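Structural features, examined
Letter by letter, the chains look like this.
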Amino acid sequence: KKEEKKINKKEEINNKTFTGAVKDFVFAKWVYDLLSDGDNLEQAKKYLDKYEATSETKEFYKTLNKVYSLNAKLATGNMAPEFSFPDLNGKMVSLKDFRGKIVYLDIWASWCGPCRREIPDAKILEEEMKGKEVAFLCVSVDPEEEPWKKIIKEKEMPGIHLLSKGNFESEICKLYNVRGIPRYVIIDKEGKIVKSDANRPSTNVKADL
């Protein structure tokens, strides 16, 4: 309710201040921000429909609708998108291999500073969760194998490591609509999404798991 009032106020100001393409852009940006928050999909859809109905240009509708469709697939309770990538030894490992366990999916890269900063806490978290039915599945989007393998060895990183080459054009990023890393996803024992944008190891994710 509070967020809705806030957006309605912004919309009122936008309508009074801007016209044409600028007005269209500002409204579209608000819709995009809502769509980017997976917990606000219902509200975002409401404003997406309103944008389609009231926009003078509808210039951004296709893009916004695509983002909505991707995020809707990642809503809590939906089956997590399946994937299969090579591990450190070149063996193909699939998400479905972990049925019966909770999966803490970490999408990261060796070149990502915030990702590297999570490594010490990730090691502590995995140690604390030993004996629990939790799989720590790390999928790197590094474009090459060498830096990926190097940092895993140097930092003695725990977990199961897979590689989906291509940075933000990689398959894992497309499947999970990843626009920034690190990105964490919690998947339940049946392969369903619990949270598509989960807390980091440095926060209170242990309670969530």
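Described below are features of the structure shown in this document. (Residues numbered from 1 in each chain as written. Predicted model: local features only at pLDDT ≥ 70, side-chain atom pairs only at ≥ 80, totals over all residues. Heavy atoms only, no water.)

According to the stated counting rule, one finds 7 aromatic pairs in the structure shown. Both rings, one in F27 and one in Y51, keep their centres 6.0 Å apart while their planes meet at 70°; by these two values the pair is edge-to-face. One end of the pair, F27, is in helix α2 (residues 20-36); the other, Y51, is in helix α3 (residues 41-54), with 24 residues separating them in the sequence. Y51 shares its class with F27; the two are buried. Consider the rings of F83 and Y176, whose centres lie 6.2 Å apart with planes at 70°: the pair is edge-to-face. Of this pair, F83 sits in the loop between α4 (61-73) and β1 (84-86) while Y176 sits in the loop between α8 (171-175) and β6 (183-187), and the two are 93 residues apart along the sequence. (Phe/Tyr/Trp six-rings, centres within 6.5 Å; stacked < 30°, edge-to-face > 60°. Helix = DSSP H or I, 4+ residues; strand = E, 2+ residues; numbered from the N terminus. Buried < 20%, exposed > 50% of the residue type's maximum accessible area, 1.4 Å probe, protein only.)

All right, on to the layout of surface pockets then. For the largest pocket, the calculated volume is near 260 Å³. Along its surface, the largest pocket is lined by 16 residues, and S36, R179, R183, S196 and D197 are the ones closest to its centre. Along the lines of polarity and charge, the residues of the lining of the largest pocket split into 6 nonpolar, 6 polar and 4 charged. A volume near 210 Å³ is recorded for the second largest pocket. What lines the second largest pocket is Y32, T63, K66, V67, L70, F168, E169, C173, K174, N177, V178 and R179. Sorting the residues of the lining of the second largest pocket by element identifies α4 and α8 as the ones contributing at least two each. (1 Å grid on protein atoms, 1.4 Å probe; cavity = no way out; pocket = protein on both sides within 12 Å on 5 of 7 lines; lining within 4 Å. Points joined across faces, edges and corners; volume = space filled by probe spheres on them. Nonpolar A, V, L, I, M, F, W, Y, C, P; charged D, E, K, R; others polar.)

Okay, empty space enclosed by the protein next. A probe as big as a water molecule, rolled over the atoms, marks out the empty space that is left. Applying the stated rule across the entire model yields 1 cavity of 30 Å³ or more. If you add up the space inside the largest cavity, you get close to 170 Å³. Mapped by element, the contributors of at least two residues to the lining of the largest cavity are β3 (102-108), α6 (119-128) and β4 (134-140). Considering each element in turn, the lining of the largest cavity owes the most residues, 4 residues, to α6. The class makeup of the residues in the lining of the largest cavity is 13 nonpolar, 1 polar and 3 charged.

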